[in-house]
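This is what each chain is made of:
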Amino acid sequence: MEKISLEELENLMWKKYKKQINFRQLQKEFLKNDDERIEYIKTELEQAYNEKNGDSIDILISAIYMFKLYSEKFVDILCKLTKEEWHGKHEDIVFYLQQMELPYTINCIYELAISNFEKYRWDDNFALVRKCCFALGDINTPKAKEKLKLLLQSDEEMIRKHAMKQLERCDFSD
């Protein structure tokens, strides 16, 4: 696997964003195939996590979306990142986990919903919690329902509303 720097990756993504290159050209410039891209991004995410490098996390999470890389190989590191306040990609991560709909991410998503990170306290609409509730609803298992019911016990009315909306929307079958 050829080594590319995060700066080179970011520059490529900007070229795509600015429509200077198309998706096929972007893919051609960044490794040979999705398996290599996944391994590269996973390794870089782990390094960024260890270094607490929020800028690198931003680039790498954006790359996951830009390359449409949906892989369970990212789940462990993404769940570790949900526990950390030093980066700004919590909503993107929970959206990714929502799209994956993996029952084994329920605890991770619930823990993020109740994290009460300082930087989200200003949001009286609780957008992050809302996204977590949607993710739990989309996973749609009895365990997800149990976590939503726990969120109904919140002191915050808006959190209770977000949880109730999912409890009413989903059937929570196995």
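The structure under discussion appears in the preceding block.
Bear in mind the structure is a predicted one, so any value in this text is a computation, not a measurement.

(A) Examining the overall build of the protein more closely. Within the protein one finds ten helices and zero strands. Order of helices (α) and strands (β) in the protein, N terminus to C terminus: α-α-α-α-α-α-α-α-α-α. Relative to its length of 174 residues, the protein is compact, with a C-alpha radius of gyration of 17 Å against a globular reference of 16 Å. In terms of its C-alpha atoms, the protein occupies a principal-axis envelope of roughly 50 × 35 × 30 Å. Taken over 174 residues, the protein has a buried fraction of 45%. Nonlocal contacts in the protein, meaning residues at least 24 apart in sequence, comprise 68% of its contacts between residues at least 6 apart. Taken as a whole, the protein presents about 9,800 Å² of accessible surface, with 45% of it coming from carbon and sulfur.

(B) The arrangement of the layout of surface pockets in detail. Space inside the largest pocket adds up to approximately 350 Å³. Lining of the largest pocket is provided by 18 residues; of these, Ala-113, Asn-116, Phe-126, Val-129 and Ile-159 occupy positions nearest its centre. Among the secondary structure elements, those contributing two or more residues to the lining of the largest pocket are helix H7 (106-113) and helix H8 (127-139). With three residues, H8 is the largest single contributor of residues to the lining of the largest pocket. Looking at the lining of the largest pocket, its residues break down into eleven nonpolar, three polar and four charged. In this structure, the second largest pocket encloses a volume near 180 Å³. Lining the second largest pocket are Glu-10, Met-13, Trp-14, Tyr-17, Asp-58, Ile-59, Ser-62 and Met-66. Contributing elements (two or more residues each) for the lining of the second largest pocket: helix H1 (6-17) and helix H4 (54-66). For the lining of the second largest pocket, the per-class residue count stands at five nonpolar, one polar and two charged.

Rules and cut-offs
- Residues numbered from 1 in each chain as written.
- Predicted model: local features only at pLDDT ≥ 70, side-chain atom pairs only at ≥ 80, totals over all residues.
- Heavy atoms only, no water.
- Helix = DSSP H or I, 4+ residues; strand = E, 2+ residues; numbered from the N terminus.
- Rg over C-alpha atoms; globule rule 2.2 N^0.38 Å.
- Buried < 20%, exposed > 50% of the residue type's maximum accessible area, 1.4 Å probe, protein only.
- Contact = heavy atoms within 4.5 Å.
- Areas by Shrake-Rupley, 256 points an atom, 1.4 Å probe, with all protein chains shown as cover.
- 1 Å grid on protein atoms, 1.4 Å probe; cavity = no way out; pocket = protein on both sides within 12 Å on 5 of 7 lines; lining within 4 Å.
- Points joined across faces, edges and corners; volume = space filled by probe spheres on them.
- Nonpolar A, V, L, I, M, F, W, Y, C, P; charged D, E, K, R; others polar.

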